[in-house]
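# Topology and contacts: notes
In case you want the letters, here they are:
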Amino acid sequence: MNVIDRFLKYVSFDTQSDENSNTTPSSSKQMIFARYLKDELTMLGLEEIELDENGYLYATLPANTSRTIPTIGFIAHMDTSPDCSGANVEPRIVKNYDGKDIVLCAEEGVTLSPQKFPELLSHQGEDLIVTNGKTLLGADDKAGIAEIVGAMAYLMAHPEVEHGKIRVGFNPDEEIGMGAHKFDVEKFGCEWAYTMDGGEVGELEFENFNAAGCKVHVSGRNVHPGYAKGKMTNSMKVAAEFMQLIPANETPETTEGYEGFFHLTNIEGDVEQTTLSYIIRDHDRNIFEQRKQRMQTFADTVNQRHGEELVTLELRDQYYNMREKIEPVMHIIDIAKQAIKECGVEPLVRAIRGGTDGAQLSFKGLPCPNIFAGGLNFHGRYEFVPVQSIEKAMAVVVKIVEITAQQ
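The present account deals with the structure reproduced in this document. From a predicted model like this one, the values you see are computed outputs, not experimental measurements. (Residues numbered from 1 in each chain as written. Predicted model: local features only at pLDDT ≥ 70, side-chain atom pairs only at ≥ 80, totals over all residues. Heavy atoms only, no water.)

## A closer look at helix 3 (residues 139-157)
The condition that has to hold: A run of H or I in DSSP counts as a helix once it spans at least four residues, and a run of E counts as a strand once it spans at least two, with each numbered from the N terminus. Under the convention used throughout, the expected extent of a helix is 1.5 Å for every residue step, that is, one less than its residue count. Residue burial is assigned from relative accessible area. The probe radius is 1.4 Å, only protein chains are included, and a residue is buried under 20% of its type maximum, exposed over 50%, and partly exposed in between.
Helix length check: helix 3, at 19 residues, gives a terminal C-alpha distance of 25 Å against a target of 27 Å (1.5 Å per residue), a fit within 8%. Of all the 19 residues making up helix 3, 16 are buried; the element is thus mostly covered by neighbouring parts of the structure.

Have a look at this one:
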């Protein structure tokens, strides 16, 4: 089975994670896919294969040399985003893409167009794997899994490629921010690792947002609306006051690059009680801390207007910028850069405007930058991945293994 066949098989599994679940994995269907992968790794001949009760799958490709070579790892996540259905995915391959619109679903008028998605034009002449316009594709991150498994199969079939011990790790629940929480770094036993979870070909990332979640709880007072004068406090209106204090130029739709933001993700409420859910993001740790303090300042401002404590905050840090953990071991970035170049791709070193399991793993003691998996337009029906990008990513995994042994 080649790497593309593996990918097409993997996306047939519905592995959507559930952000409202208290279990690990958050959805039982992830465990079904994990068991399939365990069987596949067993058939390939990998060793030390373990699937734990939380859905974390570990395996080893033993060293084929007596030389002392660092043990390194490759990691990808099994779940797909809750933002769009991952059930009954029907991928198709558009051969030799001509730069024109691709009709994904005629009956619903869903079209993948370079007018809306100009990145398509960078892949003219390539073979694009697309959706049927009704689900996401699942390249995030089943492309990464296919690339890692494909690379292990290649290395087993080519013993002339000298390598040290290679560890493989597949985890659940990355899309809901829980992927690294129960990842056993000590058991994994690597000096460093790479997540294969990036996007466009060439991407290499070792910076990410510092991240926090904030629940804004707004209390109100409900009385009969016909007799409410001077008595009612409508929590939804008070919540609107809070929302107006968030700077309009510090939201996701107005920022880019290293600019941080406040992002309102959900509103639930009635007259008596309203909850606003925000995420807070910034690459700079100091500015990140200031952003959290500003949220409290906004709450204090609203409370002072009303003369009582109507607004309270529930703040929780989620992850931090991995750069501070990667900078002391920059040779792992140099190896990845060299590998990408030797595979005929120009490295695109950039900061992630988001998070990655590698960020949390880096703070757990496993330096873990992120490498491209090749997909684009993640988390929706317009997701696609070029065949050639998957093949190049798999080649990069093999090349990293080679270079690590050489150095």
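Read on for the rest.
## Some thoughts on the state of the cysteines
To keep it simple, the criterion reads: We call a pair of cysteine sulfur atoms a disulfide whenever their separation is within 2.5 Å.
This model, assessed by the stated rule, comprises 0 disulfides. For the unlinked cysteine Cys105, the closest cysteine sulfur is that of Cys84, found at 12 Å.

## Some thoughts on the packing of aromatic side chains
We describe a pair of aromatic rings using the distance from one ring centre to the other and the angle between the two ring planes. Applied cut-off: Stacked, tilted and edge-to-face are the three classes applied to pairs of Phe, Tyr and Trp rings, where Trp contributes its six-membered ring and a pair requires centres within 6.5 Å; stacked means planes under 30 degrees apart, edge-to-face means over 60, and tilted covers the rest. The rule for a charge over a ring is simple: NZ of Lys or CZ of Arg within 6 Å of the ring centre, and within 35 degrees of the ring normal.
With the rule as written, the count across this model stands at 15 aromatic pairs. Both rings, one in Tyr10 and one in Phe33, keep their centres 5.5 Å apart while their planes meet at 65 degrees; by these two values the pair is edge-to-face. Taken together, the positions of Tyr10 in helix 1 (residues 3-10) and Phe33 in helix 2 (residues 28-44) put the pair 23 residues apart, joining distant regions of the chain. Exposure remark for Tyr10: the relative accessible area of 0% places this residue in the buried category. One aromatic cluster in this structure is built from Tyr10, Phe13, Phe33 and Tyr36. The ring of Phe33 has Lys142 sitting right over it, with the charged end atom 5.4 Å from the ring centre. Geometry around Phe262 places Arg291 over its ring, the cationic atom sitting 5.0 Å from the centre.

## Concerning the pattern of salt bridges
In plain terms, the rule: By salt bridge we mean one thing: a side-chain nitrogen of Lys or Arg within 4 Å of a carboxyl oxygen of Asp or Glu.
Overall, the coordinates contain 22 salt bridges when judged by the stated rule. With its nearest N and O atoms 2.8 Å apart, the salt bridge here joins Lys292 to Asp317. Note that Lys292 is positioned in helix 6 (residues 285-306) and Asp317 in strand 14 (residues 311-319), a separation of 25 residues in sequence. Note that Glu327 is salt-bridged to Arg323, the shortest N-O span being 2.6 Å. Of the residues examined, Arg323 reaches a relative accessible area of 31% and is grouped as partly exposed. Overlapping salt bridges, with partners in common, bring together Arg285, Glu289, Lys292, Asp317 and Glu324 in one network.

## Points about the sheet that holds strand 12 (residues 261-269)
To be explicit about the condition: Should DSSP find at least two bridges between two strands, the strands are regarded as paired. Structural elements are reduced to axes, namely lines fitted to C-alpha atoms, with helices fitted over the stretch in contact, and the angle between N-to-C directions of any two is expressed from 0 to 180 degrees.
Reading across from one edge, 12-13-11-14 is the order of the 4 strands in this open sheet, with antiparallel pairing throughout. The sheet is open, and its two edges are formed by strand 12 and strand 14, each paired on a single side. Strand-to-strand twist of the sheet, defined as the mean angle between neighbouring strand axes without regard to direction, takes the value 20 degrees. Pairing analysis gives 10 bridges linking strand 11 (residues 210-219) to strand 13 (residues 273-282), with the strands arranged antiparallel.

## Examining the packing of helix 5 (residues 235-245) against helix 6
For clarity, the cut-off: Just so you know how the angles are binned, under 35 degrees is roughly parallel, over 145 roughly antiparallel, 65 to 115 roughly perpendicular, and the rest oblique. Should the near helix be turned anticlockwise from the far one by less than a right angle, the crossing is termed left-handed; should it be turned clockwise, right-handed. The criterion used for residue contact is that any of the two residues' heavy atoms lie within 4.5 Å. Only Asp, Glu, Lys and Arg are considered charged, only Ala, Val, Leu, Ile, Met, Phe, Trp, Tyr, Cys and Pro nonpolar, and every remaining residue, Gly among them, polar.
For the pair helix 5 and helix 6, interaxial distance at closest approach is 10 Å and the crossing angle is 135 degrees. Taken as axis vectors, helix 5 and helix 6 run oblique relative to one another. Seen along the crossing, helix 5 lies across helix 6 with a hand that is right-handed. Contacts between helix 5 and helix 6 involve Val238, Glu241, Phe242 and Leu245 on the former and, on the latter, Met295, Phe298, Ala299, Thr301, Val302, Arg305 and His306. For the contact of helix 5 with helix 6, the residue count by class is 7 nonpolar, 2 polar and 2 charged.

## Digging into the sheet that holds strand 17 (residues 384-386)
Spatial strand order, 4-7-17: 3 strands in an open sheet with antiparallel pairing. Taken across any chain shown, the strands that pair with only one partner, and hence form the sheet edges, are strand 4 (92-94) and strand 17. Across the sheet, the mean angle separating the axes of adjacent strands is 30 degrees when strand polarity is ignored. For strand 7 (residues 128-130) and strand 17, the ladder comprises 3 bridges, and the chain directions are antiparallel. Looking at the pairing, Leu128 lines up with Pro386 of strand 17.

## Let's talk about the environment of Ser28
Relative to the elements of secondary structure, Ser28 occurs in helix 2. In this structure Ser28 comes out as exposed when scored by relative accessible area, which is 63%.

## Structural notes on the nonpolar core
Short version of the rule: Buried residues of nine kinds, namely Ala, Val, Leu, Ile, Met, Phe, Trp, Tyr and Cys, make up a nonpolar core once their side-chain atoms join them within 4.5 Å.
By size, the foremost hydrophobic cluster in this structure holds 68 residues, and its most contacted members are Phe7, Phe74, Met152, Phe170 and Ile400. The element best represented in this core is helix 10 (residues 387-406), accounting for 10 residues. Leaving out residues up to four positions away in the same chain, Phe7 has contacts with Ile129, Leu137, Gly138, Ala139, Lys142, Ala143, Ala146, Val385 and Ile390. Within the second largest apolar cluster, 19 residues are counted, among which are Cys214, Ala239, Phe298 and Leu310.

## Some words on helix 8 (residues 331-342)
This is how the line gets drawn: Think of it as the arc spanned by the lines of direction from the helix axis to the C-beta atoms.
The end-to-end C-alpha distance of helix 8 is 16 Å, a good match for the 16 Å that 12 residues give at a rise of 1.5 Å each. All of the buried residues along helix 8 are Ile332, Ile333, Ile335, Ala336, Ala339 and Ile340. The buried residues of helix 8 occupy one face: seen down the axis, they fall within an arc of 160 degrees. Tucked inside the fold, the buried residues of helix 8 contact strand 9 (192-198), strand 10 (203-205), helix 7 (323-326), strand 16 (370-372) and helix 10. Directly beyond the C-terminal end of helix 8, a positive phi value near 80 degrees is found at Gly344.

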